[in-house]
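# Examination of the molecular architecture
The residues making up each chain are set out below.
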Amino acid sequence: MPTIISRGAASARGFGLFNKGYAGPTSVYYLLIGGGGGGSAGGGGGGGLVNTTGSVIGGGTYSVTVGGGGTGATYVYSNAGNGNTSSFITSAVGGGGGAAVNGVGSSGGSGGGAGGTNPAVNPPNAGGAGSQGNAGGNSGYPGSSPYAGGGGGGAGGGGANVFAATGGGAGGAGAANAWPSAPAGNYSGGGGGGSRYYFDTGAGGSGGGGHGSSTTASYGDPFYPNAQPGTTNKGGGGGGTGLASNYYPGVGSGGSGGSGIVVIQYQDTFAAVTSYTGSPSIYTSGGWRFYVFTSSGSLTF
């Protein structure tokens, strides 16, 4: 919730909505991306995505929080950490962490992928649910690769389930910022690729998902000795890990989730904010004024 500070007397006239001298906006568009979940045997879920508008008050100070990514697991039998929440007026939840071997994915903005199992289980291990995105992929279906984890969910699509002997599930795709003249690029969180115990792993989802690690190349895929982290300031989920490093040197921890981002914009016919904290990138483009936060701060209108 915003922190509102009156600059005038304790009456409505002290705020911008009634202050004839206030030249700033009374509503803004904003994009929130939560931090991505870390990877374990399953891939991490992408951070939640929120595209919405909100009212602001002249003289009001509004805090901005950019959520960090979740920690990748150092061992395939431990769960990865969830990503952290990003906020401005409202909140975007962090992505769910990837599950350990034989585990279910954590819920989050988008859900973490399920951990693989051997032999198959009925019902399969479930990926985590997504409250502001999509679910992580399931694992453990009959005929699937041993210990292959499900892909983490992304803002634009669910993590891939593991049905066949082709390695870990791919991370779910991200989604683009929907607002007018928005900064170029895909700011939503893609889920990290799920790991496989022995061989190849799932690809990271578009929008910042990390690729999982593997112990060797197989099925024509390249060797990924280390799980890739989610992309910084895109809220991507971390890639799932192969065997722990004490089993096979060179195959280490699951990827950490990528940090989130907060983008606030309004038409440039309105005045700039009166002050800010933190280090936002501030510019105008296409008739819009932008404040892009890659770390936490505040805006005073």
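In this text, all values refer to a predicted model and were calculated from it rather than measured experimentally. (Residues numbered from 1 in each chain as written. Predicted model: local features only at pLDDT ≥ 70, side-chain atom pairs only at ≥ 80, totals over all residues. Heavy atoms only, no water.)

### Considering the overall build of the protein
Helix and strand counts for the protein come out as zero helices and ten strands. Scored against the burial criterion, the 301 residues of the protein give a buried share of 54%. Counting contacts in the protein only where the partners sit at least 6 residues apart, residues at least 24 apart contribute 56% of the total. In the form shown here, the protein has an accessible surface area of approximately 11,000 Å², with 52% of it arising from carbon and sulfur atoms. (Helix = DSSP H or I, 4+ residues; strand = E, 2+ residues; numbered from the N terminus. Buried < 20%, exposed > 50% of the residue type's maximum accessible area, 1.4 Å probe, protein only. Contact = heavy atoms within 4.5 Å. Areas by Shrake-Rupley, 256 points an atom, 1.4 Å probe, with all protein chains shown as cover.)

### Brief notes about the side chain of Ser298
Along the polypeptide, Ser298 turns up in strand β10 (residues 297-300). By relative accessible area, which is 11% here, Ser298 ends up buried. Discounting residues that sit within four places of it in the chain, Ser298 has contacts with Thr61, Tyr62, Ser63, Val64, Tyr276, Thr277 and Phe293.

### Brief notes about the packing of aromatic side chains
This model, assessed by the stated rule, comprises eight aromatic pairs. With a centroid separation of 4.4 Å and 40° between ring planes, the pair formed by Tyr141 and Phe163 is classed as tilted. With a gap of 22 residues between them, Tyr141 in the loop between β5 (90-92) and β6 (261-267) and Phe163 in the loop between β5 and β6 connect regions that are remote in the sequence. For Tyr141, a relative accessible area of 19% translates into the label buried. On the basis of an interplanar angle of 20° and a centroid distance of 5.1 Å, the ring pair of Tyr283 and Phe290 is categorised as stacked. On the basis of relative accessibility, which here comes to 0%, the residue Phe290 falls in the buried class. Among the aromatic residues, those joined into a ring-pair cluster are Tyr30, Tyr62, Phe88, Tyr266, Tyr291 and Phe301. (Phe/Tyr/Trp six-rings, centres within 6.5 Å; stacked < 30°, edge-to-face > 60°.)

### A short note on the sheet that holds strand β7 (residues 275-277)
Within the open sheet, the three strands sit side by side as β3-β10-β7. Their pairing is antiparallel. Every interior strand has two partners, whereas the edge strands, β3 (61-64) and β7, have only one. The average angle at which neighbouring strand axes cross in this sheet is 15°, direction not considered. By the bridge criterion, four bridges tie β3 to β10 in an arrangement that is antiparallel. Across the sheet, Val64 pairs through a bridge with Gly297, a residue of β10. (Pairing = 2+ DSSP bridges. Axes fitted to C-alpha atoms, helices over the stretch in contact; angles between N-to-C directions.)

### A short note on the sheet that holds strand β8 (residues 281-285)
Read from one edge of the open sheet, five strands run β2-β1-β6-β9-β8, paired in antiparallel fashion. Both outer strands of the open sheet, β2 (49-55) and β8, are each paired with one neighbouring strand and no more. Strand-to-strand, the axes of this sheet are offset by a mean angle of 20°, without reference to chain direction. Judged from the five bridges that link them, strand β1 (residues 27-33) and β6 form a sheet pairing that is antiparallel. Bridging across to β6, Leu31 finds its partner in Val263.

### So, unusual backbone geometry
Asn122 connects to Pro123 through a cis peptide bond whose omega is 0°. In this structure, Ile89 is a non-glycine residue whose phi angle is positive, near 70°. By secondary structure assignment, the location of Ile89 is in the loop between β4 (86-88) and β5. Using a relative accessible area of 23% as the deciding quantity, one classes Ile89 as partly exposed. Backbone geometry places Asn102, a non-glycine residue, at a positive phi of 70°. Following the sequence through the fold, Asn102 ends up in the loop between β5 and β6.

### Remarks on the environment of Ser63
Structurally, the position occupied by Ser63 is in strand β3. You can call Ser63 partly exposed: its relative accessible area is 31%. Taking the C-alpha atoms as reference, Ser63 lies 7.9 Å from Ile89; in sequence the two are 26 residues apart.

### Quick look at the nonpolar core
Of all hydrophobic cores here, the largest spans 19 residues; its most connected members are Val28, Phe88, Val262, Ile264, Phe293 and Phe301. Sorting the residues of this core by element identifies β1, β3, β6 and β9 (288-293) as the ones contributing at least two each. Non-local contacts of Val262, meaning those with residues more than four positions away in its chain, are made with Leu31, Leu32, Val64, Thr65, Val66, Ser86, Ser87, Phe88, Tyr291, Val292 and Phe293. Ile33, Val263, Phe290 and Val292 belong to the second largest nonpolar core, which has nine residues in total. (Core = buried A, V, L, I, M, F, W, Y, C linked by side-chain atoms within 4.5 Å.)

### Some points on the side chain of Asn125
Within the secondary structure layout, Asn125 lies in the loop between β5 and β6. Of note is the side chain of Asn125, whose polar atom sits 3.0 Å from the backbone oxygen of Gly115. Those residues within four positions of Asn125 in sequence are excluded, and the remaining contacts are Asn102, Gly103, Ala114, Gly115, Gly116, Thr117, Asn138 and Ser139. (Polar contact = N/O pair within 3.5 Å; in protein donor to acceptor, adjacent residues only side chain to side chain.)

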